[in-house]
Amino acid sequence: MKSMITTLTFIATLSILACTKGGSLERISGDQYTITSTASAQQLVPAIDTTFAGTFKGFYDEQLNILTFTLTWKDLWRTDKDTIISVNFYGPAGAAENGALVRSLPFVSTNSEATVNLGLAGLNGFGMKEKKDFLAGACYFTINTKKYPNGIIRGQLAAIKQ
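Okay, so let's go over this structure. (Residues numbered from 1 in each chain as written. Predicted model: local features only at pLDDT ≥ 70, side-chain atom pairs only at ≥ 80, totals over all residues. Heavy atoms only, no water.)

Our focus in this paragraph is the overall build of the chain. In terms of helices and strands, the chain carries 2 helices and 9 strands. Going through the 162 residues of the chain one by one, you find that 39% of them count as buried. Contacts in the chain between residues at least 24 apart in sequence constitute 63% of all its contacts with a sequence separation of at least 6. About 9,800 Å² of surface is accessible on the chain, with carbon and sulfur atoms providing 60% of the total. (Helix = DSSP H or I, 4+ residues; strand = E, 2+ residues; numbered from the N terminus. Buried < 20%, exposed > 50% of the residue type's maximum accessible area, 1.4 Å probe, protein only. Contact = heavy atoms within 4.5 Å. Areas by Shrake-Rupley, 256 points an atom, 1.4 Å probe, with all protein chains shown as cover.)

Okay, structure coming up:
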């Protein structure tokens, strides 16, 4: 009798586990955004008169508060070698003004031209007010070097809801 009850319990458990509702998969997270920017030394306040340039292409999940992005830079120096020390985020600020430091990502590179993948999440993610400013386009990023600790290039970030 005991083995029969065990067998019936086992079959009932398998039946419950095997039943699914079916249908299509749905994402559980909230709104998602594409984040872009074209950066240059001329966008710094005050500007630097050079041809230093870069791009920012990323993806932001609002509910999970995760920003993943790819930075590409070109010709950050030609003759005087320098070292990248961080990527900083500032806001709120328009294109012609400076904002407060929001986040700093320590990062080291001695390449004057390169591409890197980085991200912000968890404790390094945006707070509620920072998130609002970020999604409204009121934030910018800088790539900072030893010779230019306040930024060698700057780009205003644009968020486009998907």
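More follows now that the structure is in view.
Looking now at the pairing of strand S7 (residues 140–145). Of all 6 residues in S7, 6 are buried; the element is thus mostly enclosed. Both faces of S7 are covered, namely the face carrying Tyr140, Thr142 and Asn144 and the face carrying Phe141, Ile143 and Thr145. Examined bridge by bridge, strand S4 (residues 84–91) and S7 share 6 bridges and lie antiparallel to one another. If you follow Val87 over to S7, its bridge partner there is Ile143. Relative to strand S8 (residues 153–156), S7 runs antiparallel, the two sharing 4 bridges. Residue pairing for S8: Thr142 is matched across the bridge by Arg154. (Pairing = 2+ DSSP bridges.)

Summed over the entire model, instances satisfying the criterion amount to 3 salt bridges. For Glu130, the salt bridge identified is with Arg103, shortest N-O distance 3.0 Å. Residue Glu130 is located in helix H2 (residues 128–135), and its partner Arg103 is located in strand S5 (residues 100–109); the two are separated by 27 residues in the primary sequence. A relative accessible area of 17% means that Arg103 is categorised as buried. (Salt bridge = Lys/Arg side-chain N within 4 Å of Asp/Glu carboxyl O.)

Any two aromatic rings considered together are summarised by their centre-to-centre distance and by the angle between their planes. A full pass over the atoms with the stated rule returns 11 aromatic pairs. An angle of 85° between the planes, with centres 6.2 Å apart, marks the rings of Phe56 and Phe89 as edge-to-face. With Phe56 in strand S2 (residues 53–61) and Phe89 in strand S4, this residue pair connects regions lying 33 residues apart in the sequence. Like Phe89, Phe56 is buried. (Phe/Tyr/Trp six-rings, centres within 6.5 Å; stacked < 30°, edge-to-face > 60°.)

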